[in-house]
Amino acid sequence: GTVIPDQDIFHSLIVNEEMVRCGSLGFGPALMTWGIGLPPILNWGPEWMKQEVATGVASGEKIICLCITEPAGGSDVANIQTTAVDKGDHWIVNGNKTFITSGCKADYFTVVVRTSGKGLAGMSLILLD
């Protein structure tokens with residue numbers, strides 16, 4: 001997940017328990033999708049991407065989500081069918097994703113795509129905005 005200074009896993013657990021206690025099961029995940037969509041950017045993205053995307057998401061001005069699940073494969077990540085082809089100055093992404101928390105409201109989409117051969121080795125993450 002995302003590392004937030006002065007916060008550890010216990011802070012997240014307390015927030016989750018309190019949200020469940022008041023009966024709000026979907027509210028937390030809807031607000032906290034940055035916790036799954038942003039870490040790939042922070043861990044592997046170039047510096048300009050970190051500055052642009054993380055700043056907007058951390059301020060609450062932008063929403064990010066993670067797009068993995070596909071209609072035909074569920075969460076069988078090794079068999080992702082969505083492809084991305086590098087055309088030099090742009091990428092062409094072709095495929096379908098489903099069950100994307102905050103997908104309808106997101107400004108940024110961290111998407112698992114296939115960029116080469118079969119299996120996990122042929123997969124990449126791409127940021128769409």
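Residues numbered from 1 in each chain as written. Predicted model: local features only at pLDDT ≥ 70, side-chain atom pairs only at ≥ 80, totals over all residues. Heavy atoms only, no water.

S.K.: Describe in detail the side chain of Thr110, supporting the description with residues and values.
M.R.: Residue placement: Thr110 occurs in strand β4 (residues 108-114). We classify Thr110 as buried; its relative accessible area is 1%. One polar contact links the side chain of Thr110 to the main-chain carbonyl oxygen of Gly37, over a distance of 2.8 Å. Aside from chain neighbours lying at most four places away, what touches Thr110 is Gly37, Pro40, Ile41, Ile64, Cys65, Leu66, Cys67, Leu125, Ile126 and Leu127. (Helix = DSSP H or I, 4+ residues; strand = E, 2+ residues; numbered from the N terminus. Buried < 20%, exposed > 50% of the residue type's maximum accessible area, 1.4 Å probe, protein only. Polar contact = N/O pair within 3.5 Å; in protein donor to acceptor, adjacent residues only side chain to side chain. Contact = heavy atoms within 4.5 Å.)

S.K.: Can you tell me about the confidence of the model for the chain, naming the residues and giving the values?
M.R.: For the chain, per-residue confidence averages 85 on the pLDDT scale, and 85% of positions sit at 70 or higher. The least confident element of the chain, judged by mean pLDDT, is helix α2 (residues 27-31) at 62; the most confident is strand β3 (residues 91-94) at 96. (pLDDT = per-residue confidence, 0-100.)

S.K.: If you had to explain unusual backbone geometry to someone new, which residues and values would you point to?
M.R.: If a residue is not glycine, its phi is most likely negative; likewise, a peptide bond is most likely trans. The phi dihedral of Phe99 falls on the positive side, at around 55°, and the residue is not glycine. Tracing the chain through its elements places Phe99 in the loop between β3 and β4. Its relative accessible area of 72% is what places Phe99 among the exposed residues. In this model, Ser102 sits at a positive phi of 70°, which is unusual for a non-glycine residue. For Ser102, the position within the fold is in the loop between β3 and β4.

S.K.: Which residues make up the nonpolar core, and what values do they have?
M.R.: In this structure, Leu38, Ile41, Met49, Val53, Ala54, Val57, Ile64 and Tyr108 together form the largest nonpolar core, which totals eight residues. Among the elements that line this core, the one with the most residues is helix α5 (residues 47-59), at four residues. In this structure, Cys65, Cys67, Ala84 and Val111 belong to the second largest nonpolar core, which totals seven residues. (Core = buried A, V, L, I, M, F, W, Y, C linked by side-chain atoms within 4.5 Å.)

S.K.: I'd like a description of the environment of Val85, backed by residues and values.
M.R.: Mapped onto the secondary structure, Val85 falls in strand β2 (residues 83-86). Measuring from C-alpha to C-alpha, the distance between Val85 and Val113 comes to 9.5 Å, with 28 residues separating the pair along the chain. Look past the residues within four positions of Val85 in its chain and what remains in contact with it is His90, Trp91 and Ile92.

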